[in-house]
Amino acid sequence: MSHPGRVHNPSRYVVPSLDEVLSFTGSAVAEAAQSLIPSASETLIDRSVARMASSYDYDDASLDSRYPRPPSAGQGSAGTDQGYDPNFVPDSVKTFVVHLYRHIREKNVYEIHQMYDGSFQRLSDRMFRECPWPSVEAIAPYVDNDHVFCLLYREMWFRHLYARLSPTGRQRVESWDNYCSLFSVVLHGVVNMQLPNQWLWDMVDEFVYQFQSYCQYRAKLKNKTEEELQLLRQYDQAWNVYGVLNYLQALVEKSAITDVLEREKEGLEQFTATDGYDYEGGTSNVLKMLGYYSMIGLLRVHCLLGDYHTGLKCLAPIDISQQGVYNVVIGSHISTIYHYGFANLMLRRYVEAIREFNKILLYILKYKQYHQKSPQYDQILKKNEQMYALLAICLSLCPQNNLVEENVNSQLRDKYNEKMTKMLRYDDEAYAVYDELFTYACPKFITPSAPVLEEPLTNYNQDAYRLQLKLFLYEVKQQQLLSGVRSFLKLYSTISIGKLAAYMEVDEPTLRTILMTYKHKMHAIDGDGKIIPNADVDFYISENL
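Keep in mind the model is a prediction, meaning the values are calculated, not measured. (Residues numbered from 1 in each chain as written. Predicted model: local features only at pLDDT ≥ 70, side-chain atom pairs only at ≥ 80, totals over all residues. Heavy atoms only, no water.)

(A) Just the overall build of the chain, in detail. Across its full length, the chain holds 22 helices and four strands. Considering the chain as a whole, with its 545 residues, one finds that 54% of them fall into the buried category. (Helix = DSSP H or I, 4+ residues; strand = E, 2+ residues; numbered from the N terminus. Buried < 20%, exposed > 50% of the residue type's maximum accessible area, 1.4 Å probe, protein only.)

In structure tokens:
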């Protein structure tokens, strides 16, 4: 098991292929089994691996004076700050881990959720606002040194570190190591615990976030110390894009979630009705739900890479036009629609993007007050504002106001009415507004390749964003001449080519080119390869009319 103050052998970070991730070597399960106490009547992971399918080759104290400030960002590990003792475990933390461990063993999903979503946040606010939680080694004796529970605890430990403090390069690598160990246990073992969907979603969401964060971190080379550069050289495969994609894809495939969703369409499965839990049989929901959420994670990763077709293809098994398990956790719901809508925007499927943005914004407008105490509330509000900006872009490029609910439209006009008016002009000021809104609302694109650690060192963390912005503005500029065409098409039901050319002050061959361009730009290809219209007005040319 890895430790918060130590980085392991570099060979641990060789990027696994998908077959290797799915293949069973037994090492992860053996490690888990050895660390579980022999007298435990029921462990978090079944020690027997014989049942694996052979087809897979593949409350709470006040703020403690021991934690006066966050650990120094220049230190190699969180536990090296003089004001923080990683081995000191307050009584409230002992109580927390003991009860959480017991509830997980008893598969008490309700109590697990209360402790995970409530007690953990309250303890973090009161005792660990500016320092990490106690180390996993310190709490392990209180949970029978259970290997799986320790992996889950460290996942929360690193998530808290990212949320409240600034992780060092070593801690970023150690978090990758912990995710590899945790996902390996889930993939190669027979996990018999049930966890809340909120926790399982947070695992996948945080996994992708930390990948994105690491790519941004290693792309800022200019002010890196020699120690940080050496760490990048030594662990050059940590958070490798292929490793991230392979783990997510392995969770999808091993869980067989696509087959589950197909059987649900045929009425043979009750996946959505039970929110992914097995209330009768009591079987684990962990692998199944991690596989389900990994499809959303894959969409997000591919959006960060600028591969929108592949991202939407990964999400295809989930029918977002219907209620689904992705709706249950608000973070999952918002992330799904945000990335789905953005991908459709970049693929010129404006109508689909407008339709989904409208639905999610109406949902947030109605229900956001119920999430005010949630630790995710600020993120909900941020994504809400970003999606209004994306909706403003979509409606400026493809006016379809009939698809937007009155309440959403009212909010949109309050926020962006002046800017939307400017965007319709297609002058330099309009391009500046498109630039501003895109920059505010787009994902934090990443360059997945490892940096070249040679002098002179430069920052390249903005390269991927600049490329996507350039492609987007190029598309906007292509539509400059089309704005005039749309005005005349809405005004006339029939008009001759010559007359329309005179109005637009171009010759007839040029007008025909503009009309064909309008036809092309106002149609897109959906996921099934069908041509779909985006325009609110259509036309055809018959001879010279």
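(B) Highlighting the packing of helix 4 (residues 109-127) against helix 8 (residues 197-219). Viewed as axis vectors pointing N to C, helix 4 and helix 8 meet at an angle of 50 degrees, and their least axial separation amounts to 9 Å. Relative to helix 8, the element helix 4 is oriented oblique. Of the residues in helix 8, those in contact with Ile112, His113, Tyr116 and Asp117 of helix 4 are Gln198, Trp199 and Asp202. In terms of residue class, the contact of helix 4 with helix 8 is made up of three nonpolar, two polar and two charged. (Axes fitted to C-alpha atoms, helices over the stretch in contact; angles between N-to-C directions. Parallel < 35°, antiparallel > 145°, perpendicular 65-115°, else oblique. Contact = heavy atoms within 4.5 Å. Nonpolar A, V, L, I, M, F, W, Y, C, P; charged D, E, K, R; others polar.)

(C) Quick look at the packing of helix 12 (residues 286-305) against helix 13 (residues 308-315). It is the contact of helix 12 with helix 13, at a shortest axis distance of 8 Å, that shows an interaxial angle of 175 degrees. Taken together, helix 12 and helix 13 sit at an angle that is classed as roughly antiparallel. Residue-level contacts link Met295, Ile296, Leu298, Leu299, His302 and Cys303 of helix 12 to Tyr308, Thr310, Gly311, Leu312, Cys314 and Leu315 of helix 13. A breakdown of the residues in the contact of helix 12 with helix 13 according to their chemical character gives nine nonpolar, three polar and no charged.

(D) Layout of unusual backbone geometry. The backbone phi angle of Lys107 is positive, close to 60 degrees, even though this residue is not glycine. The topology assignment puts Lys107 in the loop between helix 3 (91-105) and helix 4. Of note in this structure, Arg348 is not a glycine but carries a positive phi near 65 degrees. Relative to the elements of secondary structure, Arg348 occurs in the loop between helix 14 (330-346) and helix 15 (350-367).

(E) Focus on the pattern of salt bridges. Inspection of the entire model under this criterion finds 17 salt bridges. With a closest N to O distance of 3.6 Å, Lys265 and Glu262 form a salt bridge. Residue Lys265 and its partner Glu262 are both found in helix 11 (residues 257-265); the two are separated by three residues, about one turn of the helix. On the basis of relative accessibility, which here comes to 41%, the residue Glu262 falls in the partly exposed class. Among the salt bridges present, the one from Glu352 reaches Arg355, with a minimum N-O distance of 3.0 Å. Separated by three residues within a single helix, Glu352 and Arg355 lie in helix 15, roughly one turn from each other. Its relative accessible area of 35% is what places Arg355 among the partly exposed residues. One network of salt bridges, in which partners are shared, links Glu155, Arg159 and Asp202. (Salt bridge = Lys/Arg side-chain N within 4 Å of Asp/Glu carboxyl O.)

(F) Focus on helix 6 (residues 147-164). For helix 6, with 18 residues, the first-to-last C-alpha span of 26 Å sits near the 26 Å given by 1.5 Å per residue. Among the 18 residues that make up helix 6, 16 are buried, leaving the element largely enclosed by the rest of the structure. The opening residue of helix 6 is Asp146, an N-cap whose side-chain oxygen sits 3.0 Å from the backbone nitrogen of Val148. (Expected span 1.5 Å × (residues − 1). Polar contact = N/O pair within 3.5 Å; in protein donor to acceptor, adjacent residues only side chain to side chain.)

(G) A look at the environment of Leu290. For Leu290, the location among the structural elements is in helix 12. The exposure class of Leu290 is buried, given its relative accessible area of 1%. Between the C-alpha atoms of Leu290 and Asn197, which are 93 residues apart in sequence, the distance is 8.9 Å.

(H) Geometry of helix 9 (residues 226-234). Restricting attention to buried positions, one finds in helix 9 the residues Leu229, Leu231 and Leu232. For helix 9, the arc enclosing every buried residue in end-on projection is 155 degrees, short of the 170-degree limit, so these residues lie on one face. Looking at helix 9, the residues exposed on the side facing more than 90 degrees away from the buried face are Glu226 and Glu227. Tucked inside the fold, the buried residues of helix 9 contact helix 7 (169-188) and helix 8. (Arc of directions from axis to C-beta.)

(I) Here's a closer look at the environment of Ile334. By secondary structure assignment, the location of Ile334 is in helix 14. By relative accessible area, Ile334 is classed as buried at 4%. In the structure, Ile334 is positioned 49 residues away from Lys383 in sequence and 7.4 Å away in space, judged by C-alpha atoms.

(J) Representation of the confidence of the model for the chain within the structure. Confidence in the prediction for the chain averages 82 pLDDT; 79% of positions are at 70 or higher. Below pLDDT 50 for its whole length, residues 24-43 participates in 37 contacts with residues either more than four positions away or in separate chains. (pLDDT = per-residue confidence, 0-100.)

(K) Structural context of the side chain of Arg159. Here Arg159 shows up in helix 6. A distance of 2.7 Å separates a polar atom in the side chain of Arg159 from a polar atom in the side chain of Tyr116. Apart from residues no more than four positions distant in its own chain, Arg159 is found in contact with Tyr116, Trp199, Asp202, Glu206 and Gln210.

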